[in-house]
Each structure stands twice: as structure tokens, then as C-alpha cells.
2 protein chains.
Amino acid sequence: MNDHDVTAVYRYIDENMELYLGWLMEAVRQPSVSMYNAGMGEMASICARFLEDKLGLKAEMIETGGSPYIYAHLDEGAKDTLAFYNHYDVMPAEPLEEWESPPFEPVVRDGRLWGRGVADNKGSMFSRICAVHACKQVYGKLPVNLKFFYDGEEEIGSPHLDDFVRANGGLLKCDGFFWEGGSRDLERGRPHITLGVKGICKIELSCRTAGRDLHSANAAIVANPFWRLVWALASMKNEKEEILIDGYTDDIVPLSDKERKIIHDMSFDEQASLKSYGIGSFLNGERGNSLKERLVNSPTININGFRGPSNDAETKTVLPGAASVFLDLRLAAGQTPERALKKIREHLDAKGFKDIEVKLKSSYEPFRTSCESTLMRAAAESAREIYGMEPNIILNDWGSSGVCSVCGRLDIPCIMIGVMNEDSREHAPNENIYLEDYNCAMKMIASIITKLPDM
Amino acid sequence: MNDHDVTAVYRYIDENMELYLGWLMEAVRQPSVSMYNAGMGEMASICARFLEDKLGLKAEMIETGGSPYIYAHLDEGAKDTLAFYNHYDVMPAEPLEEWESPPFEPVVRDGRLWGRGVADNKGSMFSRICAVHACKQVYGKLPVNLKFFYDGEEEIGSPHLDDFVRANGGLLKCDGFFWEGGSRDLERGRPHITLGVKGICKIELSCRTAGRDLHSANAAIVANPFWRLVWALASMKNEKEEILIDGYTDDIVPLSDKERKIIHDMSFDEQASLKSYGIGSFLNGERGNSLKERLVNSPTININGFRGPSNDAETKTVLPGAASVFLDLRLAAGQTPERALKKIREHLDAKGFKDIEVKLKSSYEPFRTSCESTLMRAAAESAREIYGMEPNIILNDWGSSGVCSVCGRLDIPCIMIGVMNEDSREHAPNENIYLEDYNCAMKMIASIITKLPDM
């Protein structure tokens, strides 16, 4: 046990909530829409100023071709180093008319803060800045070293992240990462501690059967590329949702007993999801633990849509010369985009579909931190103290992100904890967080920073 | 042999080509785009005026809700009555910038007449008016009675044709119909005599699996409607292009030996088609007679395209709540849209796809005149005389039209002969016909009118 009194930090946080809320509102007031390259330089400056003025750090702007990465290091000469990944860009605010208050004029209403970016992810970023500020005010010197790493292109797929890690991986070495994200169950129940993400592979299968689009009367004698795609797809997955691609699932890491238990203990509100999604039952009638295992650990082959010669398919009787189908493949821990693609190519070749081209559009690798990591244990213990309930541990999210580009490549444990709730409407109008969750998120960081050296 | 000297009619036609070309040009100068309801009333008046002023008939305008049908009867007290089906509407001329001369300013260039509608089908309509005019000038009284029946909505699918036939079928009774259409082989080779059309059934298969579109991470636990459609489609036709729908092809009338011989005698330029279509081989590697049999007599299930939640399938990772696929089914002689639909519904139900809705968008029945009909024999003999070569007899076109609504329902033999060539670019910019084909089309009508009473 070290001699840091975290309750004094909690008190400091509570006493300074108005100040810390003001910092976040200042950040939200600055639009920073990477998709339109709007306000990105201004936002980077604000981030750097907070790191320098409030935490006394030197913030480096590291250029890689897009909006700069921001990096800062708080070296306390401690044994352990933790790091924060956040992004300072936000999604576009459109459609503006659906906002109850202007997206870049943050406002408190009904115990929540409303504005673009409060949830995803300026609230998360500032909860961490504020937590470190509070710790420094109370402790003077922190029991861990800290690194701050801010991405300005997350909402456009972090196109320079891999380059950054290749060139500057050494900067990011540490004993644990706090990634962005983090939420609470509906009705502000159990806080989530998420240990990873599924991977994703976005691909296009395309086929050309003729040099141009033809009158559909020719379907009697000319191959249709849509039919080729239909047969190819039907050879990849059957009606029981079984993937028929030889060796495709071989790489999936089997769940340990402990991991299976974590999945079974995970809360997932089936009734709320059925209602929200407008469905009568889940895929294959799954329920309970097997449903949760599917969510966390099964790969998917999802059809996003098809593209033919025109949007007039409803009225025109055309035999397309070429057609495409767009798939997103969610990958379970152990799979990689490269091997998934290779298995699909081999499958198509073996099944007589050499004429179907497979194009990789983008990908993220899956990533999962060990559920026995010290960081994870510290986070769980802190959650019990601060939220007064068992955390909802999510072995990996069923979505995907670039976390593997950093933590997978550098082999760093990582957790996602944060300020969101399941009604935070990130990416949508009326984005919001609860003020109480902003407060709790700060305390979580303060608690883990304090606990970790002794665990 | 009756005592009408058709060579005098041919001479009259040749001597009056400038006059007859002028009539057609006057008709082409009047835009009549049914899709935009542009100039339809003016065009109907021009047609009626020609029938009245040049042929001395009474032209009736028969209203059915859209552009009126035009009907006229030349009663010569003869034993046989023949009828002409033409339409006075044309397709839109866009894209205008691709025309070498303005579409509604017909012009003669390189032995051809250029303008919207010269091929489809004002040239056909006026070749018949001119032929009858020439016969009347030479013969006085014709050896057959004639009926003229003009549709103003053909290019929008003749939505009132069935109603017209139900209400006015008696008007159309006759011993043989000349339908619109009719062409010549490439390089102005053998003239076509076409005896029918395939049917068509445009349908939409649609499926809803969730109340709204979902984040594709949910593909692990929520059904995807595109996958449902893929599996349903793959159950309907296999990679050998065999239709797997129980009983679907049972209604197809088997080819007689004579019909099979007609198909084998039909000219079909494989090399020109391969080149034009940009393909290396036809479906299943078919060639020769079996290829031609497929064209004429095999049903198709063609995929026009799919519709999902957005046109952003290329970038968005979405799990659609609902999706559709649009099919056109070409039907061989003997099949009907109703029975095809019924078989598909039964198939989907039997294969576990009760959740897939089948919607009929539009349909035409197949139609085929007996290859032993008197009208057909008269046309073939006339073609040998006028073109100096064996006609290319097409048992039925591989496209579809409303001919069955009239000739099928009323049990009337029908042939399609006319002014087009395989470079006529109907529906496209730079629509054209050869002046010589306009001349020959008139002579064909004059010849058949003259021959028929003796056959």
C-alpha cells in the first residue's frame, strides 16, 4: 500500500467539478470535424495548451501527413507507466435541425451535458486531464508515470496511426493503456470495463461477366455477375449461419474457462435489445450465455450491400456487365485480416469462383487484453468502490477500432473505461453524457493511478 | 391468283419515295414523349389526320385514361381483314449532346434517316400508311380489309392496353396482325420475320429482419436480410444455370421439329455478339443450335439489382433492417406470369423462406404465332421477292412486349416486320433507319396484302 490518499483526490474532484466542467465545455465549443478538416489546428492547440498550462507538460505535435498527433510525457521516475489514447476530432454534427441545442454550444440540462463530442470523446479526454490535474494538486508527485497520446483522425479511420506506431512506437511503450470509449449499462447501471475489440475487414467482391451492361433478354445466353456473387456468397455461409470457408475459424483463440465466465457474467439486456432492434428473436433463436458468446467471440460475414450498374434496378431490366458486393467481416480474437482474406481467396478458387475479385478496403485487427492483467484488476476494484457495484466486464467489444495498431503491436494491456452511457448518442444528434459519469470517470483514473503500483 | 398487279404498286412506291419520306419526317418533327406527356395530343392529331386525309378513313380517338388509342377501319367488303399495331409515342431523346443532329429535326445522311422515333416506331407506322396509300392509288379497292390501331403509351408499358382490349376487343378482331418492330441482320442482311415474344415478369423479392438498420457489429446476433435473399436466390437457380423451382418449366410448350428447324435456320452472328458484348464465350459455353434454342426458348431468372438501406454500402458497415432484390423473368411460350409467380411462392415456402415477400411489378405474357400460319407464309414469300433472300425467321424474340394482350387474348396470328436494322439505335441517341429499308417495308406490306387472299 502506498501512502497516497485517494479520497482526498475524490474530494478535490467534487469540489472542482464546476472548473472541470468548464474545461470540457471550452473544448466542446471548438468544432473539430476531421471529415471536413474543420477547426483541427485550433483544437490541437487547445489540447496542447491544457496539457501545458494545467499539467505542466511539454506537448509535442507530431506530423504524419494529416492532423498532427499530440504527445506528452509526465515522468515521475515511477516504476510503472500508464498511457491515455484519446482523439480530438469529432463526427460532423449534421443533421443540425435534430439537435435540441446547438452542437457546438455545450449546455447542461437534466443532469447531462449536451454537445457534439461530449461523449465521443472529449468527455473521456478531459476526464483524464482533470483526474491527473486533481492527483497532482493533492499528491504533488504521482505514483506512476503517464503518457498522453492524442489522435486527430480517429473519426476518419486513423489513416496515419500505423505509420505513427512504426515510426514512433518507442514513445508509446508503457505498462497499460486507457483507450477511448467506455460506457455504462442502460439506466446508468453497471460501468463497463472493456478489454478489447473484434477486428474488422471491409472487402469488396466484384465480378465482371461482360464488357458493358446488356438488355436483360440476353440473360438466356450471357452470364450475370450478380448470380455469380450470389452463388459465391451462398458457398461461404449457410442458412444455419455456419461459415463454410475451410480453415476460416481455425485461428480463433478458444475461450478459457475464466473468459467464458466473464462472458456469462456480462450483463446484456435481451428484452431491451429485441425491442430496440424491432426483432422477435435473435439469430438462430439464441439466448442467454450462448447469445453473449456469439456477440463477443463469433466472427461475422455481414453483407452491407450490392452495387450494380445503376440505381434504377427497380425499373430497368438490365443484365449488368459488372457487379459488386460489400462485406464487413468482424474477426474474433486470434483471426487476422490477412489470414481471413487468404482463406476467402482460397475458398473462391476452390469453389470455381476464380473470376471473383477480392479487394480489401480497410481493416483493423482484433485485440484483447488478458482478463488477468493488473490493469484490469485495478480497474475492477476501483469500479466497485466508485460506482458501488460490480463492473460489467466485456471481454471484447463487438465493434472494432484501431487499438490493435498500438496495443497489439506493442503488446500493451489496455482497457476502455469512460464517460458514456447507452443513451449517449455518439455520432448522432443530441450527444450527451451525465455529469455524474464525468465525475466518476475522473475518480476511476485517479483510483487506478493510485492503486496500480501496489498490485 | 387475284388480278392485282403488285409490281405497279412497287413502282408507285419508288416514284413517290420523296413524298412518303416527307410524311414520315413530318411525324418525326412532332415530339411525342409519353414519359413526359410531351406533345401526345398533337401527335395523335397528326396520326388521325394522315389516316383521314391520305387514306380517307374515319379515325376514332378512344380514351382509356391516358393518351387516347386511335382506331380506323378500311372496310373493302373483303373476306380477310388484317390489322396494324403501332404506337405514336417515342422514348425521351436524352442525352441530347450525344446526337449528331437534333432528334426532332429529321435529316437524311449517308442513305439513312436520323431522328428520334424513325425506327421505333414512326418509320414502321408510316411505311404501312404509305403502303396502303400506294395500294389504293393503284388498286382502287384493296383485296383485304384493314384496321389501324395506334397506342400512345407503348414506351411507358401500355398501362391501358388490357383495359382497352377488354372493353373494345371486338374492334380488333381480324385474321392477322402486323405488330410493331421488325429488323434486318447486321450489314443489312436477311430481313427478320418475328413470330412472337417471350413473356416477362418483373418481381421484387423483399425481406425484413429488423425494425431498423443496425450497426453491423450486431451481425453476430441479428439476421441480415441480404443473406436471406442470397440463400433464397441460390435455392432457385444453380451454377449450371438450372432452374431448381419445382414445376417451373413444366408449362413450356415443347418445340416441334419444324420450330426447331426454324431456330436452327435463324441467323445469329455469334462472333459479332461476343465482340459487341465484350465476352469470351456464351453462358455455359453454348454455341450453335443449342445457343439459339436457349435464346428463343429458355426462361431466364435475371437479377437486375439489389436495394438496401442506402447507397453507402461501399463505406458504411451497416446491418440492414430490410432489403430487396429485383428480378426479371423472361418466360418461354406456354408459361404465364401468374403460374411463374405461384411456383416461386411455393418454392420459397417449401425452402423455408416464408418471410420473403414476392411482389409483382409488371408483366407481359409470352406469345407465339404458328410458324405455319398463312400470314407467316405470305410474309416469307414476299420477303424472298423484295429482299432477294431467305428471311430470317425468329420463332419468338427474346425480348417482350404487349402483343399477347391483343393477339394472345383474341387468338390472332401476328408477325413483326419493319424498317429497323441492328444499328438503328432505338431508345438511344442517333436513332436511324435506311431509306431503302423504309422502301422495302412498304413493299412488304403491299405484297402481303396482295398475296394473302390467294393463300
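Since this is a predicted model, take the numbers as computed values, not measurements.

Draft legend 1. Representation of the overall build of chain A within the structure. Along chain A, the regular secondary structure elements total 13 helices and 19 strands. In terms of C-alpha radius of gyration, chain A reaches 24 Å, essentially the compact-globule figure of 23 Å for 455 residues. Dimensions along the principal axes, computed over C-alpha positions, put chain A at roughly 80 × 50 × 45 Å. Each of the 455 residues in chain A was classed as buried or not, and the buried ones make up 62%. A separation threshold of at least 6 residues defines the contact pool for chain A, and within that pool the share at least 24 residues apart is 81%. For chain A, the accessible area works out to roughly 17,100 Å², and carbon and sulfur atoms hold 47% of it. In chain A, the 51 positive side-chain charges and the 69 negative ones have mean positions that sit 4 Å from each other.

Draft legend 2. View of the relation of the copies chain A and chain B. In screw terms, the move from chain A to chain B is a rotation of 180 degrees and a rise of 0.1 Å along the axis, fitting with an RMSD of 0.1 Å. Each copy turns onto its partner about a two-fold axis.

Draft legend 3. Seen up close, the interface of chain A and chain B. At the junction of the two partners, chain A supplies 64 residues and chain B supplies 64 residues. Between chain A and chain B, the buried area comes to about 5,500 Å², and carbon and sulfur atoms account for 60% of it. Where chain A packs against chain B, one counts 28 residue pairs in polar contact (both at pLDDT 80 or more). Where the side of chain A that touches chain B is concerned, the elements lending two or more residues are strand S10 (199-208), strand S11 (214-215), helix H6 (225-236), helix H8 (270-277), helix H9 (288-297), strand S12 (300-307), strand S13 (318-319) and strand S14 (322-331) of chain A. It is S12(A) that contributes the most residues to the side of chain A that touches chain B, eight residues altogether. Looking at the side of chain A that touches chain B residue by residue, the classes come out as 32 nonpolar, 18 polar and 14 charged.

Draft legend 4. A look at the domain arrangement of chain A. Residues and elements named next belong to chain A. Under the domain assignment, chain A is made up of domain 1 (6-197 + 366-454) and domain 2 (199-252 + 299-364). Of note, the centres of domain 1 and domain 2, computed from C-alpha atoms alone, are 38 Å apart. Contacts between the two partners involve 10 residues from domain 1 and, on the opposite side, nine residues from domain 2. Approximately 700 Å² of surface area, both sides summed, lies buried where domain 1 meets domain 2, with 57% of it carried by carbon and sulfur atoms. The interface formed by domain 1 and domain 2 holds zero salt bridges in total. Taken together, domain 1 and domain 2 are joined by three residue pairs in polar contact (both at pLDDT 80 or more).

Draft legend 5. The sheet that holds strand S19 (residues 432-434) of chain A, seen in detail. Residues and elements named next belong to chain A. With respect to topology, three strands assemble into an open sheet ordered S4-S5-S19, the strand pairing being antiparallel. Each edge of the open sheet is held by one strand with a lone partner, namely strand S4 (107-109) and S19. For this sheet, the mean inter-axis angle between neighbouring strands, taken without regard to orientation, is 30 degrees. Along the sheet face, helix H13 (residues 435-451) touches S4, strand S5 (112-114) and S19 and points at about 70 degrees away from the line of S19.

Draft legend 6. View of the sheet that holds strand S15 (residues 357-364) of chain A. All names here are of chain A. Within the open sheet, the four strands sit side by side as S12-S14-S10-S15. Their pairing is antiparallel. Of all strands in the sheet, those with a lone pairing partner are S12 and S15, marking the two edges. Strand-to-strand, the axes of this sheet are offset by a mean angle of 20 degrees, without reference to chain direction. Direction of pairing for S12 relative to S14: antiparallel, over a ladder of seven bridges. By the bridge assignment, Asn302 is partnered in S14 with Asp328. Against the sheet, helix H10 (residues 337-350) contacts S10, S14 and S15, and its axis sits at roughly 165 degrees relative to S15.

Draft legend 7. The arrangement of unusual backbone geometry in detail. Residue and element names in this part refer to chain A. With an omega of 0 degrees, the peptide bond between Glu94 and Pro95 qualifies as cis. Here Pro95 shows up in the loop between strand S3 (81-87) and S4. Omega for the bond connecting Asp120 with Asn121 falls within 30 degrees of zero, at -10 degrees, which places this linkage in the cis form. The residue Asn121 is located in helix H4 (residues 118-139) in this model. A positive phi is found at Asn37, a non-glycine position, where the angle reads about 50 degrees.

Draft legend 8. Focus on the packing of aromatic side chains. Summed over the entire model, instances satisfying the criterion amount to 35 aromatic pairs over all chains. With 3.8 Å between their ring centres and 5 degrees between their planes, B:Tyr85 and B:Trp179 make a pair best called stacked. Here B:Tyr85, found in strand S3 (residues 81-87), pairs with B:Trp179, found in strand S7 (residues 176-179); they are 94 residues apart in sequence, far enough to count as distant. According to the relative accessible area criterion, B:Tyr85 is buried, its value standing at 2%. Three or more aromatic residues joined by ring pairs form one cluster here, namely A:Tyr69, A:Tyr85, A:Phe149, A:Phe164, A:Phe177 and A:Trp179.

Draft legend 9. A look at the pattern of salt bridges. A complete count under the given rule lists 54 salt bridges over all chains for this structure. B:Glu390 is paired through a salt bridge with B:Arg384; the nearest N and O atoms lie 2.7 Å apart. On the accessibility criterion, B:Glu390 (44% relative accessible area) is partly exposed. Through salt bridges with shared partners, one network takes in A:Arg184, A:Arg188, A:Glu436 and A:Asp437.

Draft legend 10. Focus on a nonpolar patch on the surface. A contiguous nonpolar surface patch, about 300 Å² in accessible area, is contributed by A:Met35, A:Tyr36 and A:Ile156. With respect to the helices and strands, the residue A:Met35 is situated in the loop between helix H2 (17-29) and helix H3 (40-53).

Draft legend 11. Seen up close, helix H3 (residues 40-53) of chain B. All names here are of chain B. A rise of 1.5 Å per residue sets the reference length of H3, with its 14 residues, at 20 Å; its end C-alpha atoms lie 20 Å apart and thus fit the reference within 8%. Those residues of H3 that fall on the buried side of the exposure criterion are Met40, Met43, Ala44, Ile46, Cys47, Ala48, Phe50 and Leu51. Contact partners of the buried residues in H3: helix H2 (17-29), strand S1 (60-62), strand S2 (69-74), helix H4 (118-139) and strand S6 (145-151).

Draft legend 12. Local environment of the state of the cysteines. The full count for this structure, using the stated rule, is zero disulfides over all chains. Free of any disulfide, A:Cys414 has its nearest cysteine sulfur in A:Cys407, 3.9 Å distant.

Draft legend 13. How the structure looks around the environment of B:Ser400. All names here are of chain B. Relative to the helices and strands, Ser400 resides in the loop between strand S17 (392-394) and helix H12 (403-410). A C-alpha to C-alpha distance of 29 Å links Ser400 and Lys451, two positions 51 residues apart in sequence. Setting aside its immediate chain neighbours within four residues, Ser400 contacts Val197, Lys198, Gly199, Ile200, Arg330 and Tyr364. A polar contact of 2.8 Å, which involves the side chain of Ser400, links it to the side chain of Arg330.

Draft legend 14. Broad picture of H8(A). Turning to H8(A), its buried residues are A:Glu270, A:Ser273, A:Leu274 and A:Tyr277. Taken around the axis of H8(A), the buried residues stretch over an arc of 100 degrees, which confines them to a single face. Exposed and oriented more than 90 degrees from the buried face of H8(A) are A:Gln271 and A:Lys275. Those residues of H8(A) hidden inside the fold are in contact with H9 of chain A together with strand S11 (214-215) of chain B.

Draft legend 15. Spotlight on the pairing of strand S10 (residues 199-208) of chain B. Residue and element names in this part refer to chain B. Counting buried residues along S10, nine of its 10 residues qualify, which places the element largely inside the surrounding structure. The sheet contact formed by S10 and strand S14 (residues 322-331) spans 10 bridges and is antiparallel. By the bridge assignment for S14, Glu204 is matched with Phe326.

Draft legend 16. Expanded view of the packing of helix H7 (residues 257-265) of chain B against helix H9 (residues 288-297) of chain B. All names here are of chain B. At a closest axis distance of 9 Å, the pairing of H7 and H9 adopts a crossing angle of 110 degrees. Accordingly, the angle class assigned to the pair H7 and H9 is roughly perpendicular. Side by side, H7 and H9 meet where Arg260, Ile263 and His264 of the first sit next to Asn289, Lys292, Glu293 and Val296 of the second. Considering only residue class, the contact of H7 with H9 consists of two nonpolar, two polar and three charged.

The rules behind each value
- Residues numbered from 1 in each chain as written.
- Chains lettered and ligands numbered in written order.
- Predicted model: local features only at pLDDT ≥ 70, side-chain atom pairs only at ≥ 80, totals over all residues.
- Heavy atoms only, no water.
- Helix = DSSP H or I, 4+ residues; strand = E, 2+ residues; numbered from the N terminus.
- Rg over C-alpha atoms; globule rule 2.2 N^0.38 Å.
- Buried < 20%, exposed > 50% of the residue type's maximum accessible area, 1.4 Å probe, protein only.
- Contact = heavy atoms within 4.5 Å.
- Areas by Shrake-Rupley, 256 points an atom, 1.4 Å probe, with all protein chains shown as cover.
- Lys, Arg positive; Asp, Glu negative; His and termini not counted.
- Charge placed at Lys NZ, Arg CZ, Asp CG, Glu CD.
- Least-squares fit on C-alpha atoms with pLDDT ≥ 70 in both.
- Buried area = accessible area lost by both parts, 1.4 Å probe.
- Polar contact = N/O pair within 3.5 Å; in protein donor to acceptor, adjacent residues only side chain to side chain.
- Nonpolar A, V, L, I, M, F, W, Y, C, P; charged D, E, K, R; others polar.
- Domains from an automatic or database assignment.
- Salt bridge = Lys/Arg side-chain N within 4 Å of Asp/Glu carboxyl O.
- Pairing = 2+ DSSP bridges.
- Axes fitted to C-alpha atoms, helices over the stretch in contact; angles between N-to-C directions.
- Phe/Tyr/Trp six-rings, centres within 6.5 Å; stacked < 30°, edge-to-face > 60°.
- Patch = residues over 30% accessible without salt bridge, like charges linked within 9 Å, V, L, I, M, F, W, Y side chains within 5 Å.
- Expected span 1.5 Å × (residues − 1).
- Disulfide = S-S within 2.5 Å.
- Arc of directions from axis to C-beta.
- Parallel < 35°, antiparallel > 145°, perpendicular 65-115°, else oblique.

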